[in-house]
Every structure is written in C-alpha cells, then in structure tokens.
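Tertiary structure, described
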Amino acid sequence: MPAITYRPARDDDYDFLFALHSAAMRDVIEIVWGWNDEFQVQFFREHHRPERLRIIELDGKAVGVIGFDVDADRFCVGPIEVDPAFQGRGIGSAALAEMFQMADAAGVPATLQVLKVNRSAFRLYSRVGFEIFDETETHHLMRRRAAGI
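The structure contained in this document is the topic of the report that follows. (Residues numbered from 1 in each chain as written. Predicted model: local features only at pLDDT ≥ 70, side-chain atom pairs only at ≥ 80, totals over all residues. Heavy atoms only, no water.)

1. Topic: helix H3 (residues 91-106)
Counted only if it meets this: Helical segments are the DSSP runs of H or I of at least four residues, strand segments are the runs of E of at least two, and each set is numbered from the N terminus. In this scheme, a helix's expected span is set at 1.5 Å multiplied by one less than its residue total. The cut-offs for exposure are 20% and 50% of the maximum accessible area for each residue type, with area from a 1.4 Å probe on protein chains only; residues under the lower value are buried, those over the upper are exposed, and the others partly exposed.
An ideal rise of 1.5 Å per residue puts 22 Å on 16 residues; H3 measures up with 23 Å between its terminal C-alpha atoms. Looking at H3, one finds that the buried residues are Ile91, Gly92, Ala94, Ala95, Leu96, Met99, Phe100 and Ala103. Of the residues trailing H3, glycine 107 is marked for its positive phi of about 70°.

The structure is reproduced here in structure tokens:
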C-alpha cells in the first residue's frame, strides 16, 4: 500500500478540488446527466464544505480527497476522488481503510453512494467490504458494517 498522508482541506483548496472533481468524475456524470460547466461550477461552489474533507497526499503532492460525516447511526463516506493519473495504486483503498478505522472506533457502519455507471468505483467498494443495501434511479447505496457488529 502506498504511503499516503492526509491534511484538512482549506478554503484555498477549492481550485484543486474542482479540477480533481472534473478529472475524476466528468466521464460518469456525463453519462448520467450530461456535463454542463456552468452548472457544475455553481453546484460545486454551493456544496463545497472543506471542513468535512481531507486532502490525500502522496509524497507531499495532493492527489485526491476523501470526505466524511459521522452521526450516532452511521459514518457517511464521500466524496472520495483520486486523480486519474494516480488511480490503481491503492490510494483509494488506503484512504477507505483509514475511514473504516474511524467508523469501527465509533461502532457504526460506513455508508456511501456510488453512481451505478461508475463500475470501477463500485468494484473497489465491493472489494473492501461494502454491500448494496438500497438504490435510487442513479445510485447504489452501500454499507460496510463496523467490526464486531
């Protein structure tokens, strides 16, 4: 597994995060809804919450992001995006393993949603223990039980 580090996202990470989102998600968003630059910029700006995001770094270089929210019933993971140039190196799996430790410590399941057309992300989530528990028209809703539950 690669040696990765995390740091809290800051307001000045906005440009990196939007470029990452565009690079990592544009193809699958295009399939489902079509990609509209103006809409994506507005939507991203309205939903940008750096306080719930960690920047994933490899050798000091920002290569991805993982976000999470925790409540009494669940540990919600997302977004998780890795620069396509760095995908396939175990970075996403390592970031998820870190999230699992936090969810397990809280004694709650980890949940996420994945676009049904995003087959590579679905395979990753299935491989690390997520299972589908529900779905919408566009997404699989997945859960990984906390250790010991």
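2. Section: the nonpolar core
Threshold: Buried residues of nine kinds, namely Ala, Val, Leu, Ile, Met, Phe, Trp, Tyr and Cys, make up a nonpolar core once their side-chain atoms join them within 4.5 Å. Here a residue-residue contact requires only that any non-hydrogen atoms of the pair lie within 4.5 Å.
Ranked by size, the top nonpolar core spans 28 residues in total, and within it Ile66, Val77, Ile91, Leu96, Tyr125 and Phe130 carry the most contacts. Looking at this core, the elements with two or more residues in it are strand E2 (53-58), strand E3 (61-70), strand E4 (75-82), H3, strand E5 (110-115) and helix H4 (119-127). With sequence-adjacent residues up to four places away left out, tyrosine 125 is seen in contact with Ile80, Leu96, Leu112, Val114, Phe130 and Met142. Counting residues in hydrophobic clusters, the runner-up holds 14 residues, among them Ala9, Ile29, Val65 and Leu115.

3. Quick word on helix H1 (residues 14-32)
Put simply, the rule is: The reported bend at a residue is simply the angle between two axes, fitted to the 7 residues ending at it and to the 7 residues beginning with it.
The sharpest bend along H1 reaches about 60° and sits at methionine 25. Of the residues trailing H1, glycine 34 is marked for its positive phi of about 85°.

4. Some points on the pairing of strand E6 (residues 131-135)
Worth spelling out the cut-off: For two strands to be treated as a pair, DSSP must find at least two bridges joining them.
As paired elements, E6 and strand E7 (residues 139-144) share 4 bridges and run antiparallel to each other. Residue pairing across strands places glutamate 135 opposite histidine 140, the latter belonging to E7.

5. Quick look at the sheet that holds E2
Here is the rule we go by: Note on geometry: axes are lines fitted to C-alpha atoms, helical ones only across the stretch in contact, with angles between N-to-C directions running from 0 to 180 degrees.
With mixed pairing, the 7 strands of this open sheet are ordered in space as E1-E2-E3-E4-E5-E7-E6. Either end of the sheet is taken by a strand with one partner, and the two such strands are strand E1 (4-8) and E6. Sheet twist, expressed as the mean angle between neighbouring strand axes with direction ignored, is 30°. Docked against the sheet, H3 engages E1, E2, E3, E4, E5 and E7, running at close to 165° with respect to E4. Of the strands in this sheet, E4, E5, E6 and E7 are in contact with H4, which crosses E7 at around 15°.

6. Re the environment of alanine 72
Locating alanine 72 in the fold gives a position in the loop between E3 and E4. Alanine 72 sits 35 residues away from glycine 107 along the chain, and the two C-alpha atoms are 9.0 Å apart.

7. Brief notes about unusual backbone geometry
Across the junction of glycine 78 and proline 79, the peptide omega takes the value 0°, indicating a cis bond. Mapped onto the fold, proline 79 is located in strand E4. One non-glycine residue, aspartate 59, lies in positive phi territory at about 50°. Relative to the helices and strands, aspartate 59 resides in the loop between E2 and E3.

8. Structural notes on the side chain of histidine 21
Looking at the secondary structure, you find histidine 21 in helix H1. Each residue touching histidine 21, except ones within four places of it in the same chain, is listed here: Arg26, Ile29, Trp35, Gln40, Phe44 and Glu81.

9. Here we look at the environment of arginine 26
Note on placement: arginine 26 falls in helix H1. The spacing of arginine 26 and aspartate 11 is 15 residues in sequence and 22 Å in space, taken between C-alpha atoms. With residues near it in sequence (within four places) discarded, arginine 26 still touches His21, Trp35 and Asp37.

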